[in-house]
Structures are given as C-alpha cells and as structure tokens.
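Overview (structure and organization)
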Amino acid sequence: MRASYARANTLNVWWMIARPAFRSTVALMVRSPLIRRATAPFLLFGTAMPLGAQQAPSLTDKVAAVLATAPPGTRFGLVVVDEDGREIVAINPDQRFIPASNTKMFTTATAFDTLSGLDQPDPAGGTGVRLERNGDRAPDVVIEGRGDARLSSASDCKADCLAELADAVAAKTRAVGDVIGDDSWYPDERWGPGMAWNNIQTRSGTAISALTLDDNVMDATVSAGALGLPPKVDMPDYYTVENRAVTVASGETRVESDRDPFGYVVRVTGTIGLGAKPEVLHFGIDDPARFTAWRFRQLLSARGVRVVGTIGARHRPLLPADDPAIRKGAPAARPPAPDVLARLTPGPLIEDLTIISKVSQNLHADLMLRRVSRLNGSGSIADGQVAVRAMLAKAGVPRSDFDFADGSGMSSYNRVVPRGAVTMLRWIAAQPWGAAWRATLPVGGEGGLTKRYGGTALDHKVFAKTGTLNATNALSGYMITRSGRTLTFSIFANDVPAGTSAIEAMDKAVLTVAAEN
C-alpha cells in the first residue's frame, strides 16, 4: 500500500514539475496540422521504444521520488547549485515558504555584515546599574539593559553575572528604595507579529527585552507526593502555583502547566507516578525587566542591603517614530544615557551568534535583530528589517523572495523563496566573514544534526541551519558531496500534516544529491 502511494505521489511531483513544458509541447502539436497527422498514431497508441533507449531518471526525478514518500499534502521547495551557481536540482524554486528557524540565517548574516568587532568583548551591550535620587528617602536602584542575551543570575555564574552589579550597589549603600528594571534601550515589542499565542508561555516564545536574564525562563521541578495527593512543585515564588496534579500508583507521568498571558498564576495538572523521576517544567517570562528587578532584590537582600520600596519595570512604548517608513529617512531619536554606577562587559558577540545558529535560540536571535536595528535605527523590529533588506539587496536577492516579521522564525508571517535563500548563501560564502559565519552552523553528526546525518555519507560534511515550526520543516546550507564538491542548497517543507514530519524525506533527498555528485 505504501509503495503504491509512493509511486502515485512521485507521478504527482513529476507532473507538477513537467506540466508547463508538457502543455507547451502539446499546444504546438495541436496547432500544426502536419505534426498532428504525422504523430496521430503515436499519440493514440503510443510507441514501442526499445528498453535500452529509454532515458534514465534524472537527478531531479530521483529526488522527487524520495520527496514523494513524505506525508501526503506536504509541499516542497528545493534548490541545489554547484560551485559555479549552476542549478543541479530545482523543485518549486520560486514558490514562497514559511522558513521557520531558517529565518535565523538572515538575522545572523545581517549581524556579520553590519556589526564590527564580533570577536571582541562587548562593553557597549553590557547591563548597567545606577542609583537615582528619590527625595529624602533611600535612592532607587535601576538596572539598565542594552540587549545582552547572556546575563545570568545562576549561583555558579562565572561571567556576565548580575551578582557583580549587586556587589557594586552593596559597596555604595546599605539601603535602597524601589528596584526598577529598565529595558527602554529598545521599544517595547516583546513578541513579533505572527507569533502563536500558545507559544508565549513557553521557553520557545518568551518575551524579548533589552533587559534579559537567564534566557527569560523560570524552571519548576515536580516530584511525586503521597498516593492520591498533589505532587510537590518546587519553583521560585515569582509565580503562584495552583497545583491540580495528582500522584498515582503507576502509569505514565504526564504533567502539564498553563498560564494566562501576563498572568502570575501557574496551573499544574496531570499525573505523576509514585517513584517516578521528577519532571522539569519551563515557564516563559512576560516582563523580563520586572523579573530582573525581582531577582536583583533577592541578590541585594543576600548582601545585607535593605530594600524599602517595591519592584517595577520601565518600558519605552513603541511609537510611530520607531517606524523608518514614517520617519522618512530622519535619524531615530537617541536620548542621552545617564551615568551608571557599574556596567558589565559581555563576551564577544560571535559566541552568541554561534548559540543562535547551533542551538536555534529564538530569544537570542530576536535580540540580535534589535542589536542590528539599534546601529542605525531605534532598536525596533521595523528598523531591523531595513538592515536585513539592505543586506539581501547587496546579496542580489530579489525583494519578492522574502518577507520577515521577526528575527527568529517563530512568526508564521515569514516567507522565503528557496532560490533566494541559495543566492544569499552563495553571496555569504564569498564574503570575508563567510567562513566564520559558516562555522556557526550546525554540522552533520553533531548537536541537532547528530541523529540526522551522523553515520551517513554526510557525517561532518553538511553545514546547515535547521528549522521546525507548525507544519514546517527546513534545512539550508552547504554539503560536501561524494566527489568532494561543495554544493549550496535550501529545502523547505510546508503544509506538513499534524503529527508528522517531513525531515526523513528531506534528509534522504539531500543524501541522494550528495551521492550523485
């Protein structure tokens, strides 16, 4: 049954590719009476071509046959080119696809193209702390973010540590008023347009903020309790837990959580078996600036600094002036930055760019887009997209080949054409920073590509960005073929049925290309 479907689907893919040429040929034959008379018997009854004279399947035919084994309804786009830019395979090369995390390629390439000193420490992006006078009472503490994605409050933190700023405050004063998290370095756009609301409460869709701490994620550990009673939920008191889960005698552990957007009550439901391993839940943070202030108050208290006020957040609302189309070429407003008591120096941005690509870290990618935006704009998504479009114009990618609404790929509004993605990848390879950019990509046999290409002919010979979103799989980059040639490719799968994946068919298609070249 499966083989019959595969053959039928192969014919469908072949027909989709060959139909335009077939129609043109038939139209020519119908218009010509001479050809019509000469070919009528063959058109009606076919030809008896010797077996040895039949044309062998082309590489495109072979790839189409592989892709036809994917779940029914899946729509593919694929382009593969050689070192000279000659297309070896092209299936729906100019159709538009949701790229998922392949979006990150465009964000990181823009960063490489526009930002300098990527391999140097990043003092300009470091988090700072200052004291603000507040009448006759103790001064307020303001933690000011500048888009650093790696700020940490972990107890074992070794670099870029929030505790270092708490030490600076403790050395200056023994009492403070309010503790305020200030993320106004960027306008308040915590999620990009087209972000699925159900992802907001997860670590994949946590809010984007110029003041980011611990990846804007909080963890909880759920451990079995007494039989028939709720399990133990161990988590910081930033959120209130509504525990509706139950400890059962046996069976599969299925613990889930839910939280309303901008809410502070986490509902835990499901079951956990007696003796089962603890389950770890991850919660996204909606207001990272406030969360950082909350955590900073804890650090100050641990250092003997008395906090007499409350915690709060300071945001800069998104305004028309944050849209470059409205500014019409005018520079973005830059209020003077107040002096700080202390400021951290994060590590080189190349380290974060590597995290973005290899781990596919959504928050870091969207913060990188804001970082690029702030270079010549206001830090808004719109200014970031101006920078992306400028990079793609230099790469020779037509404007109709892409649309982006964020920097990570979580938006369902993003669109990319396979041919345009390959054009950019070939341009990147020719840039002075091209080799450094390629080194940030996942590698076959390592990390996220371990199970996909490890032990195959492309083990450590494919360098490509992955992508997965609802009904979407993607993979784009470079491969070293059987003969040692380096090919550039981009493959997208959209409309993948729920509960299935097109990854297996995609990987087999890529391996087929590598084996034939």
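For the structure, check the block above.
All values reported here derive from a predicted model rather than from experimental measurement.

By definition, a disulfide links the sulfur atoms of two cysteines through a covalent bond. Under the criterion given, the structure shown has 1 disulfide. Each sulfur in the disulfide pair Cys157 and Cys161 lies 2.0 Å from the other. Handedness here is read from the sign of the S-S torsion; for Cys157 and Cys161, about -95 degrees, the answer is left-handed.

This part is about the sheet that holds strand E6 (residues 179-182). Sheet strands pair by backbone hydrogen bonding; their relative direction is either parallel or antiparallel. As summarised here, the arrangement of the 5 strands in space is E15-E6-E4-E3-E16, forming an open sheet in which the pairing is mixed. Edge positions in the sheet fall to strand E15 (311-314) and strand E16 (342-343), since each of these pairs with one other strand and no more. Running at roughly 35 degrees to strand E3 (residues 128-134), helix H5 (residues 162-172) makes contact with E3, strand E4 (137-144) and E16 of the sheet. Running over the sheet, helix H6 (residues 288-302) touches E3, E4, E6 and E15 and is turned about 140 degrees from E15.

Here we take up the packing of aromatic side chains. Within the structure shown, the criterion is met by 13 aromatic pairs. Through successive ring pairs, a cluster of aromatic residues spans Tyr238, Tyr239, Tyr264, Phe283, Phe291 and Trp294. The positively charged end of Arg146 is found above the aromatic ring belonging to Trp185, 4.1 Å away from the centroid. In this arrangement the basic side chain of Arg438 is found over the ring face of Phe463, its NZ or CZ atom lying 4.1 Å from the centre.

Here the focus is the packing of helix H4 (residues 103-114) against helix H9 (residues 362-376). Two measures define how a pair of helices packs: the angle their axes make with one another and the distance between the axes. The N-to-C vectors of H4 and H9 enclose an angle of 40 degrees; their axes lie 10 Å apart at closest approach. Crossing handedness for the pair H4 and H9: left-handed. Contacts between H4 and H9 involve Lys104, Thr107, Thr110, Ala111 and Thr114 on the former and, on the latter, Asn362, Ala365, Met368, Leu369, Val372 and Leu375. Its residues assigned to classes, the contact of H4 with H9 shows 6 nonpolar, 4 polar and 1 charged.

On to the side chain of Thr466. Mapped onto the elements, Thr466 comes out in strand E19 (residues 462-469). A distance of 3.2 Å separates a polar atom in the side chain of Thr466 from a polar atom in the side chain of Lys465. Beyond its immediate stretch of four places on either side in the chain, Thr466 contacts Ser101, Asn102, Leu449, Arg452, Ala474 and Leu475.

Conventions used here
- Residues numbered from 1 in each chain as written.
- Predicted model: local features only at pLDDT ≥ 70, side-chain atom pairs only at ≥ 80, totals over all residues.
- Heavy atoms only, no water.
- Disulfide = S-S within 2.5 Å.
- Pairing = 2+ DSSP bridges.
- Helix = DSSP H or I, 4+ residues; strand = E, 2+ residues; numbered from the N terminus.
- Contact = heavy atoms within 4.5 Å.
- Axes fitted to C-alpha atoms, helices over the stretch in contact; angles between N-to-C directions.
- Phe/Tyr/Trp six-rings, centres within 6.5 Å; stacked < 30°, edge-to-face > 60°.
- Lys NZ or Arg CZ within 6 Å of the ring centre and 35° of its normal.
- Left-handed = near helix turned anticlockwise from the far one by under 90°.
- Nonpolar A, V, L, I, M, F, W, Y, C, P; charged D, E, K, R; others polar.
- Polar contact = N/O pair within 3.5 Å; in protein donor to acceptor, adjacent residues only side chain to side chain.

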